[in-house]
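Secondary and tertiary structure notes
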Amino acid sequence: MPSEHIVTRAVRLLSDAHSTTDMVRRGKMSISDLSRRTILSKQHFPKFLGFSMICSGLVGFFSMNYVQRRQLKNQQDREAEHSLIRLRQGSVGSMSHNEATVRAMIENARSSSWKENLNNAMDAHDRFMLGSQNKNEPEFVEWIRKRSEEIVKDSDQGGGNR
């Protein structure tokens, strides 16, 4: 059969399909016989199995993608709502220590030169990778710690940099 021309194979397929549907219509063959003859046959079952596995995988992938995008959108909506509430409240409530530390780090980076920022980044990287083996902290670390404490105090008192 592989040496047959594609047109011949197509005509044979259409003829077989026509005769099969004709037999089902006349009641000479039931649907279960048809499925055994076509889908569950040795010739077609591997194709059917592969097709159903690919379709199941695609449906699963797109379903998971939809769920993930929806969860991300809901999370972004909650974060936006939370930030709006914080803005409406102004400086009421205390700022977290981590948020204050980040703000102090940004202030330090903006007020330092690019060379100082590179040195600070290298030092911070070494301290992060190696741990604080040296008890002497650089000036910028101490400045950030003090500034973050000031920011937290300011936010607790109702002032603050917002």
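Residues numbered from 1 in each chain as written. Predicted model: local features only at pLDDT ≥ 70, side-chain atom pairs only at ≥ 80, totals over all residues. Heavy atoms only, no water.

1. Quick notes on a nonpolar patch on the surface
On the surface, a nonpolar cluster with roughly 530 Å² of combined accessible area is contributed by I39, L40, F45, F48, L49 and M53. Relative to the assigned elements, M53 resides in helix α3 (residues 45-89). (Patch = residues over 30% accessible without salt bridge, like charges linked within 9 Å, V, L, I, M, F, W, Y side chains within 5 Å. Areas by Shrake-Rupley, 256 points an atom, 1.4 Å probe, with all protein chains shown as cover. Salt bridge = Lys/Arg side-chain N within 4 Å of Asp/Glu carboxyl O. Helix = DSSP H or I, 4+ residues; strand = E, 2+ residues; numbered from the N terminus.)

2. Remarks on the packing of aromatic side chains
The relation between two aromatic rings is expressed through the spacing of the ring centres and the mutual angle of the planes. Applying the stated criterion to the full structure yields two aromatic pairs. A ring pair is formed by F45 and F48, whose centres lie 6.5 Å apart and whose planes are at 40°; its orientation type is tilted. You can see F45 and its partner F48 sitting in helix α3, three residues apart, about one turn around the helix. The class for F45 is partly exposed, based on a relative accessible area of 33%. Accessibility expressed as a relative area gives 37% for F48, which makes it partly exposed. (Phe/Tyr/Trp six-rings, centres within 6.5 Å; stacked < 30°, edge-to-face > 60°. Buried < 20%, exposed > 50% of the residue type's maximum accessible area, 1.4 Å probe, protein only.)

3. A short note on helix α1 (residues 6-26)
Here α1 contains 21 residues, and its C-alpha end-to-end distance of 30 Å stays within 8% of the 30 Å for a straight helix at 1.5 Å per residue. Downstream of α1 by one or two residues, G27 has phi in the positive range, about 85°. (Expected span 1.5 Å × (residues − 1).)

4. What about the nonpolar core?
Core analysis: the largest hydrophobic core is formed by eight residues, namely M95, A100, A104, F140, V141, I144, I151 and V152. When residues of this core are traced back to their parent elements, those giving at least two are α4 (97-111) and α6 (139-157). By residue number, the principal contributor to this core is α6, which donates five residues. Setting aside residues no more than four positions away along its own chain, V152 makes contact with M95, S96, H97 and A100. (Core = buried A, V, L, I, M, F, W, Y, C linked by side-chain atoms within 4.5 Å. Contact = heavy atoms within 4.5 Å.)

5. Considerations on the layout of surface pockets
Its volume calculated, the largest pocket comes out at about 640 Å³. As for the largest pocket, its lining consists of 17 residues, of which R12, L13, D16, Q43 and H44 are closest to the centre. Taken together, the elements giving at least two residues each to the lining of the largest pocket come down to α1 and α2 (31-37). Counting residues per element, the lining of the largest pocket draws most heavily on α1, which supplies eight residues. Considered class by class, the residues forming the lining of the largest pocket number five nonpolar, six polar and six charged. One number sums up the size of the second largest pocket: a volume of about 380 Å³. Taken together, 16 residues form the lining of the second largest pocket, with M105, A124, F140, V141 and I144 sitting closest to its centre. Across the lining of the second largest pocket, the residue classes tally to seven nonpolar, seven polar and two charged. (1 Å grid on protein atoms, 1.4 Å probe; cavity = no way out; pocket = protein on both sides within 12 Å on 5 of 7 lines; lining within 4 Å. Points joined across faces, edges and corners; volume = space filled by probe spheres on them. Nonpolar A, V, L, I, M, F, W, Y, C, P; charged D, E, K, R; others polar.)

Read these as layout, nothing more, since geometry by itself doesn't imply function.
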